[in-house]
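# Inside the fold
One letter stands for each residue in the lines below.
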Amino acid sequence: MTDPMFSVGDKVRIRDAYPIGHCRTPFYTRGITGKIERHCGNFANPEELAYRRDGQPAVPLYRVRLPMRQMWPDYTGAPLDTLEVEIFEHWLEPDD
Amino acid sequence: MVNKSLTDYRGVHDLGGLLCEPFVPDEHDYEPWEKRVHAVRELLATKGLLRVDELRRAVEGLGEEKYKRLSYYEQWVWAISQIMLERGIVTDAEIGARVETVHARLASHD
Amino acid sequence: MHDYTHHHPHPNQPDEEDGPFTEYRLLEVALRELLIEKQVITQAELHKTYQMMDDRGPHNGARMVAKAWSDPAYLDLMRRDATAAAKSIGLEPTWLNLIALENTDAIHNVVVCTLCSCYPWPLLGLPPDWYKSRTYRSEVVRNPRKVLAEFGTNLPETTEVRVHDSSADMRYLVVPKRPEGSEGWSEEELAELVTRDSMIGVVPALAIEDL
């Protein structure tokens, strides 16, 4: 099993990338920075499974917490509102 | 470099944050045919003949007009059929012929 | 149990009361018949699956929530491993990787799947149309308080709204706040207060006077 690269609380940036195939990284989260909420376990890569490859080795999957205000500069809800989303490790980079 | 604001690489299904019409919480009772689609899908998945990732990829490939127009289980039955074709479990000729047979059978009931 | 194929001598024939036979309805019948003929699936397996689907529903999730409200050890298990918590009370052994989200005065959780329609079927049954709608999926991650207000849920600025976009491998069950005045109620009584929508996170649990 691949050891997770990130730990709870790490600051990460979701990659600003635009592949054309099946993937699980919602468009609106790309390029956004947030914090690792937890490591969910390792899961076969859906980007491979969708095309009937085996998706191995399994990829660490995290939940990342993102501030609403970061994603939507004109956000009208409360400043403390957040969003959490599952992101595979190859979609994350450290944000120093 | 892909321009995020202009890219066609965004899938038709990737809706988060795209403001369309106002949200109205509505629902209907599931129709028997919709439950049958759901059951076939689950059964095929259990047998290892249909992955959720494949199904989603097929739904995402519908094209914008169809993606918007089709109901949820219309999308599914289309996508399941596509995957059964890809996997060689059924042929297009078989589906075409059977659709005609079913249509004729139902018409004869009217 | 629903009879999915009633009123017809031919077991694979769709129900006439379903509405017009669109191209997609025809395709459903054609595909299912072919899969059965080719022995990819059997009619008996399909009926078992219908039965399993009928056994699912919000009453399952409600049992978990009611138990979490009454039993601190169970709540602790829900926090650590919600899948194990589901299995420990005999709910459908499942492929689910479940996370329980507790609503409190400080945090209000609400669940969506923006990319498709991920939903904890074994615990809540099939999702309502609005959950799968383009409008919910696009709007709730952008203006969650506005969407919650459509359900009559208005939260103070001091409560953090936390939206969960469930589009990969985990599934989510919201544990609503326990209604005031329900102290001393049995788990069965408490479960009556737990609605489907409260476990998606768009409304609170019922108030005791709503029963």
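Here, every reference points to the structure presented above.
Since we're looking at a predicted model, the values are computed, not measured. (Residues numbered from 1 in each chain as written. Chains lettered and ligands numbered in written order. Predicted model: local features only at pLDDT ≥ 70, side-chain atom pairs only at ≥ 80, totals over all residues. Heavy atoms only, no water.)

## A word on unusual backbone geometry
Rules: A run of H or I in DSSP becomes a helix once it reaches four residues, and a run of E becomes a strand once it reaches two; helices and strands are each numbered from the N terminus. Working definition: with a 1.4 Å probe on protein chains only, accessible area under 20% of the residue-type maximum means buried, over 50% means exposed, and in between means partly exposed.
In this structure, A:Pro57 follows A:Gln56 across a cis peptide bond, with omega equal to 0°. Mapping A:Pro57 onto the fold places it in the loop between α1 (46-49) and β3 (59-67). In this structure, A:Arg52 is a non-glycine residue whose phi angle is positive, near 65°. On the secondary structure map, A:Arg52 appears in the loop between α1 and β3. Judged by relative accessible area, A:Arg52 falls into the partly exposed class, the value being 31%. In this structure, C:Gln39 is a non-glycine residue whose phi angle is positive, near 60°. Along the chain, C:Gln39 turns up in the loop between α1 (23-37) and α2 (43-55). Residue C:Gln39 is classed as exposed on the basis of its relative accessible area, which comes to 68%.

## Focus: the environment of C:Gly125
All names here are of chain C. Stated formally: When checking whether two residues touch, look at their non-hydrogen atoms; a contact exists if any pair is within 4.5 Å.
Structurally, glycine 125 can be placed in the loop between α6 (121-124) and α7 (129-132). Considering only alpha carbons, one finds glycine 125 and glycine 57, 68 residues apart in sequence, at a separation of 3.9 Å. In this view, glycine 125 contacts Arg56, Gly57, Pro58, Tyr119 and Pro120; residues no more than four positions away in its chain are not counted.

## Some details on the interface of chain C and chain A
What counts, and what does not: Buried area counts how much accessible surface, traced with a 1.4 Å probe, disappears from two parts once they are put together, with both parts' losses summed. Counted as salt bridges are all cases of a side-chain nitrogen of Lys or Arg within 4 Å of a carboxyl oxygen of Asp or Glu. Polar contact is defined as a pair of N or O atoms within 3.5 Å, subject to the rule that within protein one atom must be able to donate a hydrogen and the other to accept it, and that residues adjacent in sequence are counted only when both atoms are side-chain atoms.
On the side of chain A, 27 residues touch chain C, which itself brings 25 residues to the contact. Of the roughly 2,100 Å² buried between chain C and chain A on both sides combined, carbon and sulfur atoms contribute 49%. The three residues of chain C that bury the most area against chain A are C:Val141, C:Arg142 and C:Asp165, which together make up 23% of that side's buried surface. Applying the counting criterion to the chain C and chain A interface returns 3 salt bridges. In this structure, C:Arg145 engages A:Asp81 in a salt bridge whose closest nitrogen and oxygen atoms are separated by 2.8 Å. Where chain C meets chain A, there are 17 residue pairs in polar contact (both at pLDDT 80 or more). Secondary-structure elements contributing two or more residues to the side of chain C that touches chain A are β1 (98-102), α9 (144-150) and β3 (160-165) of chain C.

## Points about the interface of chain C and chain B
Where we set the bar: Put simply, Ala, Val, Leu, Ile, Met, Phe, Trp, Tyr, Cys and Pro go in the nonpolar bin, Asp, Glu, Lys and Arg in the charged bin, and everything else, Gly too, in the polar bin.
Tallying the contact residues gives 61 residues for chain C and 58 residues for chain B. For the pair chain C and chain B, the summed buried surface comes to about 5,700 Å²; carbon and sulfur atoms form 64% of the total. Of all residues in chain C, C:Tyr24, C:Leu31 and C:Arg134 give up the largest surface area on contact with chain B, accounting jointly for 14% of the area buried on that side. Linking chain C to chain B there are 8 salt bridges. C:Glu33 is the salt-bridge partner of B:Arg105, the closest N and O atoms lying 2.6 Å from each other. For the pair chain C and chain B, the interface holds 19 residue pairs in polar contact (both at pLDDT 80 or more). By residue number, the principal contributor to the side of chain C that touches chain B is α1(C), which donates 13 residues. Its residues placed into classes, the side of chain C that touches chain B shows 29 nonpolar, 12 polar and 20 charged.

## With respect to the packing of helix α1 (residues 32-46) of chain B against helix α4 (residues 72-86) of chain B
Residue and element names in this part refer to chain B. The test is simple: Each axis is a line fitted through C-alpha atoms, and for a helix only the stretch in contact is used; angles between axes span 0 to 180 degrees, taken between their N-to-C directions. Whether a crossing is left-handed or right-handed is set by the direction in which the near helix is turned from the far one by less than a right angle, anticlockwise for left-handed and clockwise for right-handed.
Packing of α1 against α4 leaves a shortest axis separation of 10 Å and a crossing angle of 35°. Remark: the crossing between α1 and α4 carries left-handed chirality. For the pair α1 and α4, the contacting residues are Trp33, Glu34, Val37, His38, Arg41 and Leu44 in the first and Tyr73, Glu74, Trp76, Val77, Ile80 and Met84 in the second. In terms of residue class, the contact of α1 with α4 is built from 8 nonpolar, 1 polar and 3 charged.

## A closer look at the sheet that holds strand β1 (residues 11-14) of chain A
Short version of the rule: For two strands to count as paired, DSSP must find a minimum of two bridges between them.
Reading across the sheet, the 7 strands line up as β5(A)-β1(A)-β2(A)-β3(A)-β4(A)-β3(C)-β2(C) and stay open at both edges, with mixed pairing between neighbours. Of all the strands in the sheet, just β5 (92-94) of chain A together with β2 (107-112) of chain C have a single pairing partner and so form its edges. Averaged over all adjacent pairs, the angle separating strand axes in this sheet is 35°, with direction ignored. Taken together, the 7 bridges between β3(A) and strand β4 (residues 82-88) of chain A define a ladder with antiparallel strand orientation. Across the sheet, residue A:Leu66 finds its bridge partner in β4(A), namely A:Leu83.

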